Amino acid sequence: MTGRPADLPLSGITVVSLEQAVAAPFATRQLADLGARVIKVERPGDGDFARRYDTTVHGESSYFVWLNRSKESITLDLKTDAGREVLERLLAGADVFVQNLAPGAAARLGLAPEALAERFPRLIAAGLSGYGTSGPWAGRKAYDLLVQCQTGLVSLTGNEHGTARAGISVADIAGGMYLYSGVLTALFTRATTGTARPVEVSLFEALAEWMHQPAYYTRFGGVQPPRIGTRHATIAPYGAFTAADGKDVLFSIQNEREWAALCERFLERPGLVTDPRFATGSDRVAHRAELDALVAERFTELDSATVGRILDEAGIANAGVNDMAEFLEHPVLEARDRWRDVRLPGGTEVPALLPPADLGGTQPRMDPVPGVGEHTEAILAELGYGPAAVEEMRAAHAI
């Protein structure tokens, strides 16, 4: 059972979003999870291009299904006067406007924060861009992997054989999270001061925030952390090793107590605790190759289940290196009842994970994923458009 909007913290908040791809839809879906009414404005015909990234979820895009549950979809051609008039009516009744349009597009449509503030003083205008709306790259397009490259993340991922992108859209996710938290902060500010403040987030600056530790390491250490796969640049031993049954187990030593426990209870070599090569964390990093060889040799003597059991008994954090199929069947998700069914446009239901933040006494909203323009006529009727006006707009391809 999922929460009803009236029971949720953002009940009564209306969000109008000119959104596409990943970052902005991720922000607005989280607002919808908390009960906000999210009206997604899409292009007539194909809608959000993320709908066509793939067709793996019963004909729907895996990205779109993940990012767009609990929303309403209206199609508008904002190049037409009628389409822009509908958007104006929507904004007049909205609390938040979200957009991640191409550079300069919002301003050309009269949707820049300053222009919106004049027409709708209580509207929170939230924009997500690639590199910010000012500065030398304000007009430059940005996509997730481009931002991973520009922030230096790609130079840190991979191994000695080459770089690699992160396996998920981390720049988009970072941007969406900061847009979401920024909107929540702006709503709180409006509630406490009466002032609606605009929110601006860039993908580049969102991911740049996540790069602080390697940036500090490089600035003050004189060299950037090396690419070492599942190993850690500044902690050893830390990484995945292959057990006798061919399965990988990753573990991490975080302090001297754990180092002593590893030597005594797992490696069964207590003398290593005081070995000068491994006496401190920095010493262990400096002699990583020798230490990893000792660990790898011990792994070959044990199957993965035994490795995990001994490390658990020693109080050392560890994990099997799961593939996606194993993740989908993870016992923690099952035992904690984290899956809920969400309906797709065609009527099929698929499991979706609950939002990670549990708010005591509430159940998040997990409503269907909308079809393109599924709610167009209902929303137009709500705005005062009669059947004849709707048909006129449809004939003019404004909706």
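The rules behind each value
Residues numbered from 1 in each chain as written. Predicted model: local features only at pLDDT ≥ 70, side-chain atom pairs only at ≥ 80, totals over all residues. Heavy atoms only, no water. Helix = DSSP H or I, 4+ residues; strand = E, 2+ residues; numbered from the N terminus. Buried < 20%, exposed > 50% of the residue type's maximum accessible area, 1.4 Å probe, protein only. Contact = heavy atoms within 4.5 Å. Areas by Shrake-Rupley, 256 points an atom, 1.4 Å probe, with all protein chains shown as cover. Lys, Arg positive; Asp, Glu negative; His and termini not counted. Charge placed at Lys NZ, Arg CZ, Asp CG, Glu CD. Core = buried A, V, L, I, M, F, W, Y, C linked by side-chain atoms within 4.5 Å. Pairing = 2+ DSSP bridges. Axes fitted to C-alpha atoms, helices over the stretch in contact; angles between N-to-C directions.

Chemist: Which residues make up the overall build of the protein chain, and what values do they have?
Modeler: If you tally the helices and strands in the protein chain, you get 18 helices and 13 strands. Each principal axis of the C-alpha atoms in the protein chain carries an extent, and together these give about 85 × 45 × 40 Å. When each of the 399 residues of the protein chain is scored for burial, the buried share is 45%. Taking as baseline every contact in the protein chain between residues at least 6 positions apart, the subset at least 24 positions apart corresponds to 67%. Of the roughly 20,000 Å² of accessible surface on the protein chain, a fraction of 55% belongs to carbon and sulfur atoms. Side chains of the protein chain give 38 positive and 51 negative charges; the mean places of these two sets differ by 4 Å.

Chemist: Please give an account of the nonpolar core that cites residues and values.
Modeler: Val15 and Leu179 are the most contacted members of the largest nonpolar core, which totals 36 residues. Sorting the residues of this core by element identifies α1 (23–33), β4 (96–99), β5 (124–129), α8 (170–193), β8 (199–202) and α9 (203–210) as the ones contributing at least two each. For this core, the leading source of residues is α8, giving eight residues. Ignoring anything within four residues of it in the chain, the contact list for Val15 reads Thr28, Leu31, Ala36, Arg37, Val38, Ile39, Val96 and Val98. Ranked by size, the runner-up nonpolar core spans 26 residues in total, among them Val16, Leu78, Leu116 and Tyr385.

Chemist: Tell me about the side chain of Gln20, and name the residues and values.
Modeler: Tracing the sequence through the fold places Gln20 in the loop between β1 (14–18) and α1. On the basis of relative accessibility, which here comes to 14%, the residue Gln20 falls in the buried class. Here Gln20 is in contact with Pro25, Arg43, Asp48, Phe49, Asn100, Leu101 and Ala102, once residues within four sequence places are set aside.

Chemist: Give me the lowdown on the sheet that holds strand β9 (residues 238–242), citing residues and values where you can.
Modeler: A sheet is described by the order of its strands in space; here three strands give the open sequence β9-β10-β11, paired in antiparallel fashion. Two strands in the sheet have a free side with no partner beyond their single neighbour: β9 and β11 (318–320). Along the sheet, successive strands turn relative to each other by an average axial angle of 20 degrees, direction set aside. Of the strands in this sheet, β9 and β10 (248–252) touch helix α13 (residues 288–299), which is tilted by about 35 degrees from β9.

From the geometry alone we can't say anything about function, so treat these as descriptive.
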